[in-house]
Amino acid sequence: MANQIAKFKKYVDLLDEVYKAEAKTAILESDATLAQQGANANEIIIPKLDMDGLGDYDRNSGYVGGNVTMTNETVQFNYDRGRKFSVDAMDNEETAGLAFGKLAAEFLRTKVVPEMDAVRFAEYAALAGTKTEAALSSGEGVLAALQAATAKMDDDEVPGENRHLFITPALLVAAQNVDTTKSREILGAFITITKVPNSRFCTLIDLKDGKSSGETAGGFAKNAEGKDINFMVIEKSAILQFTKHRVNKAIPPEDNPDADAWIFNFREYGLNDAYENKTAGIYLHSDITAQKDKTT
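Heads up: these notes are all about the structure in this document. Per-chain numbering applies: the sequence of each chain, read as written, is numbered from 1 onward. This being a predicted model, a pLDDT of at least 70 is required before a residue's local features are given, and a value of 80 or more before pairs of side-chain atoms are given or counted; all residues contribute to the totals for chains, interfaces and linings. In computing side-chain properties, one takes all heavy atoms of the structure into account and sets aside hydrogens as well as water.

Some words on the overall build of the protein chain
Rules: Numbering goes from the N terminus for both helices and strands, where a helix is a DSSP run of H or I of at least four residues and a strand is a run of E of at least two. The contact criterion used throughout is that any non-hydrogen atoms of two residues lie within 4.5 Å. Only the protein chains shown count as covering a residue, and every accessible area follows the Shrake-Rupley method with a 1.4 Å probe.
Regarding its fold elements, the protein chain presents six helices and 13 strands. Of the contacts formed within the protein chain by residues at least 6 apart in sequence, a portion of 79% connects residues at least 24 apart. Surface accessibility of the protein chain: about 17200 Å² in total, with carbon and sulfur atoms responsible for 50%.

Regarding helix 3 (residues 103-127)
As a reminder, the rule being used: Expected helix span is computed as 1.5 Å times (number of residues minus one). Two axes enter the bend calculation: one fitted to the seven residues ending at the residue in question, the other to the seven starting there, and the bend is the angle between them.
The first and last C-alpha atoms of helix 3 sit 35 Å apart over 25 residues, in line with the 36 Å expected at 1.5 Å per residue. The largest bend in helix 3 is about 35°, located at Val-112, with the proline Pro-114 one to four residues further on.

Describing the sheet that holds strand 10 (residues 227-235)
Each strand in a sheet pairs with another by means of backbone hydrogen bonds, the pair being arranged parallel or else antiparallel. Which entries qualify depends on this criterion: Strands are labelled as partners when DSSP assigns at least two bridges between them. Note on geometry: axes are C-alpha line fits, over the in-contact stretch for helices, and angles between N-to-C directions span 0 to 180 degrees.
Strand order across the open sheet formed by five strands is 5-13-10-6-7, with mixed pairing between neighbours. Looking at strand neighbours, the two that pair on one side only are strand 5 (130-133) and strand 7 (192-195), the edges of this open sheet. Direction aside, neighbouring strands of the sheet carry axes that sit 20° apart on average. By the bridge criterion, five bridges tie strand 6 (residues 163-167) to strand 10 in an arrangement that is antiparallel. The residue of strand 10 that forms the bridge with Arg-163 is Glu-235.

Section: the sheet that holds strand 12 (residues 261-274)
Spatial strand order, 4-12-11: three strands in an open sheet with antiparallel pairing. For this open sheet the edge positions go to strand 4 (79-88) and strand 11 (239-251), each flanked by a neighbour on one side alone. If you compare each strand with its neighbour and ignore which way they point, the axes differ by 10° on average. Here strand 4 pairs with strand 12 via ten bridges, running antiparallel. Across the sheet, residue Asp-80 finds its bridge partner in strand 12, namely Tyr-269. Strands strand 4, strand 11 and strand 12 of the sheet are contacted by helix 3, whose axis makes an angle of about 20° with strand 12.

Comments concerning the side chain of Gln-241
Counted only if it meets this: Here's how the labels work: a residue is buried when its accessible area is under 20% of the maximum for its type, exposed when over 50%, partly exposed in between, all with a 1.4 Å probe on protein chains only. Here a polar contact is taken to be a pair of N or O atoms separated by no more than 3.5 Å, where protein atoms must pair a possible hydrogen donor with a possible acceptor and residues adjacent in sequence count only if both atoms sit in side chains.
Here Gln-241 lies in strand 11. The exposure class of Gln-241 is buried, given its relative accessible area of 0%. A distance of 2.9 Å separates a polar atom in the side chain of Gln-241 from a polar atom in the side chain of Glu-29. Looking at Gln-241, its side chain comes within polar contact range of the side chain of Tyr-124, at 2.7 Å. The contacts of Gln-241, once residues within four sequence positions are left out, are Thr-25, Ala-26, Leu-28, Glu-29, Ser-30, Arg-120, Tyr-124, Leu-271 and Asn-272.

Geometric values such as these leave the question of function open.
Here you go:
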C-alpha cells in the first residue's frame, strides 16, 4: 500500500497522536540468564527437576534411598513479526521531519505494544491451569470471582508473594466502588494490579500477515471463537517471556541504494510461554460469550 503523507506549509511541533497505553505485560518479562540457548538458534533449554518424597527412617538400616531426576525441556520461540517503512526524503523535509521523525515512536506505541500484549495474554490464557467463564456485572461479583481465584491458587500451593492481577478497567472500577474492608483486603492480595484495555484482552487472536488480501494493514484482531478476558492472575515465575532479538533501525537516504528515502526496519523475535509444571500459576476468568455471538 502506498504511503499517504499530508503536507503542510507552516511547521508546528504537534502531532495528532492515537491514544494508546504502554505495555501491560512488561512486568512479566523473565530473566534471560535463567535459560541457556538450545542446540538450535530458535529454541532454549529449560531445566526441570523432580525428586522422590520422604520415606520412613529405619533405626537399623537408616535412610531410604531416593531418586532425583533432572530433565531438559526444549522450548521454541513462537513470536516473529516485523515491518519496513519507506519515507521519501522530500516528503520528510516538507513535513518538517515529522513524517519520519515520529514514525518509530508512534509505530512502537500504537502498533507493536498493543499486539505484543494481545499475543501474550491469548497465549497465557490457552496455557492457564484454571479456566473459568462467567459474566461479571457487579463489583460484588468481581470481588467474589477474585476471592475464588485466590483460594484456588492457594489450594494449588502457588506462591502468594508474586501474583499479578490483570483486569479490565470497568471491572476494576466496579470492584473498587465496593468500598469495604473486605474489598480492600481482596485487592490488596496482589503485588500489582494492571488495567488492560478490552482490545488487548481476548482468549484467541488472529495475526494478520501484512501481505495477503484483506490483511495488508497487518496487526491483529480478535478471533471470532475467542472470548473477552475479564481478568487473569499470573504468578510471575510461571511465565517464560523473553525477547531474544529486536531490530529497530533507521537507514538514511544516503545509505539507501534503491531510493532517495528513509527506511525504518523493525523486527521482534521472542518467546511467550509457561513452564509445564507451573500452569497452576495462571488463572483465567473470561466471559461466557464468544466474539461471533456478541451483539453490536
